Amino acid sequence: MSRLSAMERTLAMVLAGGLGERLYPLTKTKAKPAVAFGAIYRIIDFTLSNCLHSGVRRLFVLTQHKSLPLDRHLRLGWSNLFRAELGEFLESVPPQQRLVREWYRGTADAVFQNIDLLSHERPQFVLILSGDHVYRMDYRAMLDFHLTKGAEVTIACTTVPRSEASRFGVMEVDRNDRIIGFEEKPSNPKPLPDDPDHSLISMGIYLFNTETLVRAVIKDAKRRDSSHDFGKDVLPDLVRNHARLFAFNIRRELPPLFHYWQDIGTLDSYYQAHMELLQPDPPLPLHQDEWAIRTYLPPLPPAVLRGRARIRNVLLAPGCVVEEGAVVEDSVLSYGVHVGAGATVTSCILLPYVRVGTKARLFRTIVDEEVTIPDGEVIGADPEAERRRFAVTESGIVAVPAGVAFQPTSVQLKCL
């Protein structure tokens, strides 16, 4: 089977319905895949761009919690790229409750509740993708690997320090890359045979033969002791029953452009990923024509620096205005941001349409969309004091949520 014909027989199901509780308050009003990232993108843009580049033209996006902003982004930026007359589509699918009178109980249950979609489309292969990871992936190479190995399931994986591996699904493989052990978030992650300081972890990207997928999720749905999750339940069960599961190691199988992968699961990891974008040689190079990330941007004018405004080491999106005397350093300014005269913004992430008042000062702060920071306000200078007002991470990053109003004469906040 040629690569082209195999890709034409592949369908993607993008899991995009999680609460994203660890990324709160950025997920207060929207699903995690719809959270802004990298000045102009939404997190889901990375997964969808991978699909476009790889030739995957049939996509179901399985939504659930706070889905309106995500649905709007898909409609404005993505739906018009697919030609129905050629059998292509990108469709947003909320829980239909046809088989289970509940919302999705887990990642595997989300697929189980939409088996009718697979019956209608009849793909030979199904890509199960997460809509809330930031990475590049050539799924064609993964499919080639899957076919060469004669796999029933292929799991994309990477290596991380063993000290960090307990946050992920950890795999054991034999010399032929066949998976012989799989543990979800183990307290004592198994190391690599040739590297005791690192473990092989699942990236949450699965390529299934459709028949194997359907059997597995039906079996799982019947289990009362299951949490109906791929990592916790379905994949370990397949390994125990000697199914042909193989590990696709991106660091070995793909060129360096594709080695970056981040599960932006916490405010600290979200912040750190943005700060890495500001490095001279960032691990995720956005200024690459070879594998461009597509998104939707509203029509906006060029960015403007007024008078003696000063910026250094900044990602500056369209529609930004930095007024006279403002200083912005080591920060990411998303589209439509306005920084007032004499304000200071240092090591911050400002999401779309944030307004920073005159002579306000922000340090190591994430400001959610459409928040207005009052004139003269100071945020981030004293993280301990900020804990009484905002969410503050273990590393001292302050997160200012949407839907708050500053008292004009007090630093206290009133939640709307």
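Scroll up to find the structure this text is about.
Quick look at the structure, then. Just so it is clear, the model here is predicted, and its values are computed rather than measured. (Residues numbered from 1 in each chain as written. Predicted model: local features only at pLDDT ≥ 70, side-chain atom pairs only at ≥ 80, totals over all residues. Heavy atoms only, no water.)

### What about the pairing of strand E10 (residues 179–184)?
Pairing between strand E9 (residues 169–173) and E10: five bridges, direction antiparallel. Across the sheet, Glu172 pairs through a bridge with Gly181, a residue of E10. Taking the residues between adjacent antiparallel strands as the criterion, E9 and E10 are bridged by five residues, where Asp177 takes a positive phi near 75°. (Pairing = 2+ DSSP bridges. Helix = DSSP H or I, 4+ residues; strand = E, 2+ residues; numbered from the N terminus.)

### Focus: the packing of aromatic side chains
Scanning the model with the defined rule gives 11 aromatic pairs in all. Here the aromatic cluster, defined as three or more aromatic residues joined through ring pairs, consists of Phe37, Tyr41, Phe46 and Tyr270. (Phe/Tyr/Trp six-rings, centres within 6.5 Å; stacked < 30°, edge-to-face > 60°.)

### A look at the packing of helix H7 (residues 210–221) against helix H8 (residues 230–240)
Across the interface, H7 lies against H8 with an axial gap of 10 Å and an inter-helix angle of 115°. For the pair H7 and H8, the crossing hand works out as right-handed. Facing H7, whose interface residues are Thr212, Leu213, Ala216, Val217, Lys219 and Asp220, H8 presents Phe230, Asp233, Val234, Asp237 and Leu238. Its residues assigned to classes, the contact of H7 with H8 shows six nonpolar, one polar and four charged. (Axes fitted to C-alpha atoms, helices over the stretch in contact; angles between N-to-C directions. Left-handed = near helix turned anticlockwise from the far one by under 90°. Contact = heavy atoms within 4.5 Å. Nonpolar A, V, L, I, M, F, W, Y, C, P; charged D, E, K, R; others polar.)

### Let's talk about the pattern of salt bridges
Here the structure, examined in full by the defined rule, presents 26 salt bridges. Between Arg252 and Asp177 there is a salt bridge, with its nearest N and O atoms 2.7 Å apart. Residue Arg252 is located in helix H9 (residues 250–253), and its partner Asp177 is located in the loop between E9 and E10; the two are separated by 75 residues in the primary sequence. Its relative accessible area of 49% is what places Arg252 among the partly exposed residues. Across the salt bridge formed by Arg223 and Asp225, the nearest N and O atoms sit 3.2 Å from each other. Accessibility expressed as a relative area gives 25% for Arg223, which makes it partly exposed. Taking relative accessible area as the criterion, Asp225 reaches 60% and is therefore assigned exposed. Salt bridges here are not isolated pairs; linked through shared partners, they connect Lys149, Asp177, Arg252 and Glu253. (Salt bridge = Lys/Arg side-chain N within 4 Å of Asp/Glu carboxyl O. Buried < 20%, exposed > 50% of the residue type's maximum accessible area, 1.4 Å probe, protein only.)

### Focus: the side chain of Glu377
Looking at the element boundaries, Glu377 is found in the loop between strand E24 (372–373) and strand E25 (378–379). Residue Glu377 is classed as buried on the basis of its relative accessible area, which comes to 11%. Beyond its immediate stretch of four places on either side in the chain, Glu377 contacts Ala360, Arg361, Arg389 and Phe406.

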